[in-house]
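Okay, here's what each chain looks like letter by letter:
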Amino acid sequence: MQMFLEGRWQSGSSAFQVHNPHNGEVLDSVPLGTAADIESALTGLARGAKIMRQLSGYERAQILRKAAALMAEREVELGRTVSLEEGKILAEGALEASRAREVIEVSAEEARRVVGEMVPLDSAPGAKGKFGFTLRVPCGIVAAITPFNFPLNLVCHKVGPAIAAGNAVLIKPASDTPLSALKLVQILLDAGLPPEAIACVTGSGKTLGEAICRDHRVRKISFTGSYEIGDWIARSAGVKRVTLELGSNSPVIILDDADLELAARAVAAAGYANAGQTCISAQRILTLRPVTGDFLDALKPRVVALKTGDQMDPDTKVGPLVREADACRVESWVNEAVGQGATLVTGGQRRGAVYQPTILAQVRPEMRVSREELFGPAVVVTECGSVDEAIALANDTRYGLAAGVFTRDISRAMRFANEVDSGNLHINWSSQWRADLMPYGGLKDSGIGKEGPRYAIREMTEEKMVVWHS
Ligand code: NAP
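Computed from a prediction, not measured in an experiment: that's the story for all the values here. (Residues numbered from 1 in each chain as written. Predicted model: local features only at pLDDT ≥ 70, side-chain atom pairs only at ≥ 80, totals over all residues. Heavy atoms only, no water.)

(A) Molecular detail of the site of the ligand. Contacts to the ligand come from 30 residues, most closely from Thr146, Ser175, Ser226, Leu246 and Glu373. Contact distances for the ligand include 3.1 Å between an oxygen atom and a backbone N or O atom of Phe148. Contact between the ligand and Ala174: an oxygen atom at 3.5 Å from a main-chain N or O atom of the residue. In isolation the ligand exposes 910 Å². Once the protein is present, 88% of that is buried. Every element with two or more residues in the shell around the ligand is listed here: α7 (205–213), β10 (218–224) and α8 (227–236). Its residues assigned to classes, the shell around the ligand shows 15 nonpolar, 11 polar and 4 charged. In terms of domain composition, the shell around the ligand takes at least three residues from each of domain 1 (3–246 + 444–469) and domain 2 (251–427). (Near = heavy atom within 4 Å. Polar contact = N/O pair within 3.5 Å; in protein donor to acceptor, adjacent residues only side chain to side chain. Areas by Shrake-Rupley, 256 points an atom, 1.4 Å probe, with all protein chains shown as cover. Helix = DSSP H or I, 4+ residues; strand = E, 2+ residues; numbered from the N terminus. Nonpolar A, V, L, I, M, F, W, Y, C, P; charged D, E, K, R; others polar. Domains from an automatic or database assignment.)

(B) Spatial organisation of the sheet that holds strand β12 (residues 251–254). If you walk across this open sheet you meet the 7 strands as β14-β17-β18-β13-β12-β20-β21, and the pairing is mixed. Looking along the sheet, the strands with just one partner apiece sit at the ends: β14 (343–346) and β21 (424–427). Adjacent strand axes in the sheet meet at a mean angle of 20° when their direction is disregarded. Where helix α10 (residues 289–304) meets the sheet, it contacts β12, β13 (284–288), β14, β17 (358–361) and β18 (378–384), and its direction lies at approximately 140° from that of β13. (Pairing = 2+ DSSP bridges. Axes fitted to C-alpha atoms, helices over the stretch in contact; angles between N-to-C directions. Contact = heavy atoms within 4.5 Å.)

(C) A look at a nonpolar patch on the surface. A cluster of nonpolar residues, Met118, Phe131 and Trp468, forms a patch on the protein surface that exposes about 370 Å² of accessible area. Mapped onto the fold, Trp468 is located in strand β24 (residues 461–469). (Patch = residues over 30% accessible without salt bridge, like charges linked within 9 Å, V, L, I, M, F, W, Y side chains within 5 Å. Salt bridge = Lys/Arg side-chain N within 4 Å of Asp/Glu carboxyl O.)

(D) Inspection of the domain arrangement of the chain at higher detail. In terms of domain boundaries, the chain breaks down into domain 1 (3–246 + 444–469) and domain 2 (251–427). Domain 1 and domain 2 are separated by 31 Å when their C-alpha centres are compared. With 23 residues of domain 1 in contact, the opposing surface of domain 2 contributes 29 residues. Here domain 1 and domain 2 share an interface that buries about 2,200 Å² over both sides, 54% of which is from carbon and sulfur atoms. Three residues, His22, Ile89 and Lys444, lead the burial of domain 1 against domain 2; their summed loss comes to 27% of the area buried on that side. With its nearest N and O atoms 3.1 Å apart, the salt bridge here joins Asp445 to Arg398. Inspection of the domain 1/domain 2 interface yields 14 residue pairs in polar contact (both at pLDDT 80 or more). Here the side of domain 1 that touches domain 2 gets 4 residues from one element, more than from any other, and that element is helix α3 (residues 75–86). Here the residues of the side of domain 1 that touches domain 2 sort into 8 nonpolar, 6 polar and 9 charged. (Buried area = accessible area lost by both parts, 1.4 Å probe.)

(E) Region of the structure containing the packing of helix α2 (residues 57–73) against helix α4 (residues 90–111). Taken N-terminus to C-terminus, the directions of α2 and α4 make an angle of 165°; their axes are 8 Å apart at the nearest point. Relative to α4, the element α2 lies roughly antiparallel. Of the two elements, α2 crosses α4, and the hand of that crossing is left-handed. Between α2 and α4, the residues in contact are Gly57, Arg60, Ala61, Leu64, Arg65, Ala67, Ala68, Met71 and Ala72 and Ala100, Arg101, Ile104, Glu105, Ser107, Ala108 and Ala111, respectively. Classifying every residue of the contact of α2 with α4 by side-chain character gives 10 nonpolar, 2 polar and 4 charged. (Parallel < 35°, antiparallel > 145°, perpendicular 65-115°, else oblique. Left-handed = near helix turned anticlockwise from the far one by under 90°.)

Pasting the structure below:
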């Protein structure tokens, strides 16, 4: 495929291949964009931003509604593209395509309600008779830098609100998974988005990131990815708006009054979906001592039953990781924990990029599988002596993206919500759940800012204050 900038598809001076992570098959090749391509893209987008600013909310909503309709028509192809390039199983690819359409639909609705507010100036001393209100205006150019693990939906979470708010958008998709984003660009063009208002430049984040993040024409960077790159972006961006959706090692607390079957079902889904490569994957399972054995008994058969292999085989429940190197990393962290005294309840084997769904028990909080973001198909179980200890361990992390608790006690559930430092808190479900319209974002090193179209629009618009001196 080609990349899209200055209103047209272009080949670039060189290319790189995109592979199926399961078998290494070459799926396509895409241009290896350069800093000069970013310069051209931004020059074009500066014109596009002016065009977008002239569109009414109704016109922006119509473009997004048409795009959602086209996504519905092409949903099967989009889902397969996601699965092929990312490695998630067919059902998860199909779900991602349908969620992505929903995000564009919700963005279309939100395009019709980008509102300011009336400010009661006459309640300020000496301001009698004055009238004030705010106006929300587009930022101009939004840069959307996206990770590999949801190569369509997370692009839509940035592009949908950016267009709804009246901006031009530069997409820099992950190099492992650029094909879904390029297909989305064609859909937006087919839906009537002015071609100058969008660019998608493929290529190395290291090279392109510098050119994007330091450029003063980019007024807003919306980044989803690792802490290390997010931190670099925050340092490089200068005076511009930045949203950072970063990693996590999400805790799930299982108290002694929990519905253990429900907890096991939720953890078996949340620890292994997308081969554990979800920012809100359940990773650290914190169980109260009296229920640890029964919980593991309920969880183990569910995890053992997860068939691994080719993500394009409808019977597969856990596909490959995005790169073999990541499967090797997960393998080495698990082996390290076992060497330090953790118990392997099930799993622990690797075949190429496929890592067997794994449960580790008797994990101590200082082990790397607990401290760092594992981003693989394994959960680690740590026993706690009390609710206090469980909450303290849930918070004993630099991250704060999502957490879950299983309890039937309403006051313990509220204590969890009040005391666990996390952007998303789930009562009687695991850390991994998201409705695309809800405000979503992390605390601590999990990031800054919120996604969900309504909330992202706030961050992709500038607020102007108008004072009427009568
Ligand atoms: P990553 O390595 O940080 O890459 C993310 C994006 O940043 C890619 O497009 C990458 O391009 C680009 N990039 C690399 N270096 C850059 C630089 N110096 N400047 C600007 N951009 C640069 O992350 P990943 O491995 O794709 O994704 C996994 C991470 O994302 C995990 O930590 C996960 O938790 C996090 N994540 C968070 C959320 C959330 O909502 N909080 C959601 C999903 C994923 P290249 O691919 O070309 O290197």
